[in-house]
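Remarks on the overall topology
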Amino acid sequence: MNRFMTVAVAGAALALGVATEAMAQAKPDVLVKQRQAAMTLIGKYWGPVAGMASGKVPYNADIVARNATYLENLSQMPWDGFHESTKGEKSRTLPEAYSQKAKFDEIAERMQAEIAKLGVVARAKNEAGVKQQFGAVGKTCGACHDGFRAK
Amino acid sequence: MFVLGSPAAAGLLLFIGVLAPNVLAQVPPPPPPPVQSGAPAGAKPAAEMPQVPQASAPPADPAARRGEYVASAAGCLGCHTEAKDKAAAYAGGRALKTPFGTFYGPNITPHPVAGIGKWSEADFARAIREGLRPDGAHYFPAFPYPSFARITDADLKDLWTYLRTLPPSARPNQAHDLGFPFNWRFLVRFWKWLYFTPGRFTPDPKRSAAVNRGNYLVNVLGHCGECHTPRNFLGGPKRARHLAGTPKGADDGGTSNLTPSNLKKWDDAELAGFLQSGMTSEGDVTGERMGEVVRNTTSRLTAQDLSSMIAYLRALPAIADEP
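Residues numbered from 1 in each chain as written. Chains lettered and ligands numbered in written order. Predicted model: local features only at pLDDT ≥ 70, side-chain atom pairs only at ≥ 80, totals over all residues. Heavy atoms only, no water.

With that settled, consider empty space enclosed by the protein. Residues and elements named next belong to chain B. Within this structure, the stated rule accounts for two cavities of 30 Å³ or more. Taken together, Val70, Ala74, Cys76, Ile128, Phe148, Ile151, Leu159 and Leu221 make up the full set of residues lining the second largest cavity. The residue inventory of the lining of the second largest cavity, partitioned by class, reads eight nonpolar, no polar and no charged. (1 Å grid on protein atoms, 1.4 Å probe; cavity = no way out; pocket = protein on both sides within 12 Å on 5 of 7 lines; lining within 4 Å. Points joined across faces, edges and corners; volume = space filled by probe spheres on them. Nonpolar A, V, L, I, M, F, W, Y, C, P; charged D, E, K, R; others polar.)

All right, on to the nonpolar core then. Ranked by size, the top nonpolar core spans 57 residues in total, and within it Tyr90, Phe124, Ile151 and Leu221 of chain B carry the most contacts. Counting residues per element, the ones that place at least two in this core are helix H2 (62-74), helix H3 (76-79), helix H4 (121-130), helix H5 (145-148), helix H6 (153-165), helix H8 (209-221), helix H11 (268-277) and helix H13 (303-315) of chain B. No other element matches H8 of chain B, which puts six residues into this core. Discounting residues that sit within four places of it in the chain, Tyr90 of chain B has contacts with Ala71, Cys76, Leu77, His80, Thr81, Pro106, Asn107, Ile108, Thr109, Tyr162 and Leu166 of chain B. Counting 30 residues, the second largest nonpolar core, distinct from the first, contains Val49, Leu118 and Phe148 of chain A together with Met279 of chain B. (Core = buried A, V, L, I, M, F, W, Y, C linked by side-chain atoms within 4.5 Å. Buried < 20%, exposed > 50% of the residue type's maximum accessible area, 1.4 Å probe, protein only. Helix = DSSP H or I, 4+ residues; strand = E, 2+ residues; numbered from the N terminus. Contact = heavy atoms within 4.5 Å.)

Attention shifts here to the environment of Leu156 of chain B. Residues and elements named next belong to chain B. Checked against the element boundaries, Leu156 lands in helix H6. Linking Leu156 and Phe182, residues 26 residues apart in sequence, is a C-alpha distance of 30 Å. Leaving out residues up to four positions away in the same chain, Leu156 has contacts with Phe124, Ala125, Ile128, Arg129 and Ile151.

Moving on: the packing of aromatic side chains. Residues and elements named next belong to chain B. Scanning the entire structure with this criterion turns up 17 aromatic pairs over all chains. Aromatic side chains Phe143 and Tyr145 sit 5.6 Å apart centroid to centroid with 75 degrees between the ring planes, which places their arrangement in the edge-to-face category. With relative accessibility at 0%, the residue Tyr145 sits in the buried group. These aromatic residues form a ring-pair network of at least three members: Tyr139, Phe143, Tyr145, Phe148 and Phe196. The positively charged end of Lys192 is found above the aromatic ring belonging to Phe196, 5.5 Å away from the centroid. The side chain of Lys265 reaches across the aromatic face of Trp266, ending 4.6 Å from its centre. (Phe/Tyr/Trp six-rings, centres within 6.5 Å; stacked < 30°, edge-to-face > 60°. Lys NZ or Arg CZ within 6 Å of the ring centre and 35° of its normal.)

Time to look at the pattern of salt bridges. Between side chains of opposite charge, a pair can form when the charged atoms approach closely. Tallied over the entire structure, the rule returns 26 salt bridges over all chains. Two residues, Lys151 of chain A and Asp321 of chain B, come together in a salt bridge whose shortest N-O distance is 3.8 Å. With one member in each of two chains, Lys151 of chain A in the segment after helix H6 (127-148) and Asp321 of chain B in the segment after H13 form a pair that bridges those chains. Under the relative-accessibility criterion, Lys151 of chain A is labelled partly exposed at 40%. With a relative accessible area of 43%, Asp321 of chain B lands in the partly exposed category. In this structure, the salt-bridge partner of Lys157 of chain B is Glu121 of chain B, at a minimum N-O distance of 3.3 Å. (Salt bridge = Lys/Arg side-chain N within 4 Å of Asp/Glu carboxyl O.)

Have a look at this one:
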């Protein structure tokens with residue numbers, strides 16, 4: 001590789017590095033919008049699963065499997081949006097989400113783990129398993145909303 | 001005023017002032033739900049998700065069955081059952097955490113030593129109607145008798161009949177773990193002078209039967225105001241802001257405004273759906289404090305009672321959220 005190429009590659013890498021940094025440091029108001037959007041989508045795909053698992057809506061194993069898989073992905077997305085820098089932004093997130101971050105993260109991890117288990121039984125078209133597991137997921141939503149979200 | 005006549009009494013009153021708003025604002029607090037691994041944060045109609053660790057089939061005696069319904073409508077289970085799997089229903093041990101200590105809901109099964117097996121029906125009536133222990137001591141208002149006191153005679157009798165059918169549990173009571181001076185039970189007397197009014201629920205003849213029934217379900221049995229009505233600095237309810245929600249507290253995100261200024265955002269079907277499932281139509285899951293109320297109480301109401309509850313909430317004067 002000639003010298004020019006080396007410099008160019010190094011330059012590109014540097015630029016990329018800066019770019020990644022910049023993305024990680026999205027403006028606080030943007031981070032808030034993104035985390036809210038992730039939560040809203042979680043709600044969107046969670047609603048039908050909970051409705052079907054509780055017998056309020058006729059059970060459709062395909063929709064449950066699809067939604068559970070979406071939820072597995074979505075459940076990883078909100079968390080980087082709860083960055084320190086968003087503390088001063090207007091949202092329903094309570095200051096405790098930052099001051100008791102360990103507890104917040106613990107519930108977030110528990111939610112992801114429970115949703116992963118839901119994904120397994122949902123894709124196996126195991127209706128009884130879904131009905132068993134969805135409560136464990138719902139509790140993690142409630143536990144976090146209680147302590148970290150304004151009413 | 002009588003209490004303020006003596007500085008010592010005024011001091012005590014102040015202590016109560018510190019005690020009561022916190023107790024009340026915090027009870028029941030947000031600890032994990034009482035039992036049952038599979039219980040969702042309210043996402044399941046409780047008819048299929050028996051939160052009562054079903055000790056037995058529903059009672060055969062119709063009076064006891066009615067009493068079981070009253071107990072659900074009043075949410076007796078949560079505070080009187082330990083928060084762990086397979087805990088014996090109503091055998092006590094639920095920790096109700098507050099800033100100055102922890103109350104433990106006592107064993108109210110008919111066990112002669114550990115529970116209330118030796119009580120007479122009159123003892124029970126006095127506890128619920130007057131907040132008095134059989135020996136005359138005062139109960140802390142962590143036990144929401146200020147709401148329950150106005151229960152109808154028929155419901156009180158059925159409730160008693162139901163509690164007598166529970167399997168007796170020998171689970172011993174734990175002493176409340178309260179810091180000084182909150183452990184002074186007699187201080188409660190002062191609080192009661194100020195804020196406790198015994199009496200019976202009286203329907204308002206100018207209102208529909210549904211609204212009256214809803215009023216009874218919300219204010220007497222459901223004790224919704226224990227969480228949804230803000231308190232003044234002495235721990236008394238702010239009557240002008242009845243059910244208008246509480247701002248964010250030390251340990252929680254506050255409670256929602258139940259008057260039309262907030263609930264008008266939902267139509268009746270959406271509100272009923274929330275009270276049955278703990279979930280909004282957008283899939284937003286309510287917090288665990290309300291989740292437990294949904295599981296143990298509102299999801300267990302008959303369709304008619306649920307719609308009465310909604311009719312009452314709709315008829316409340318609209319109060320704007322506190323700024």
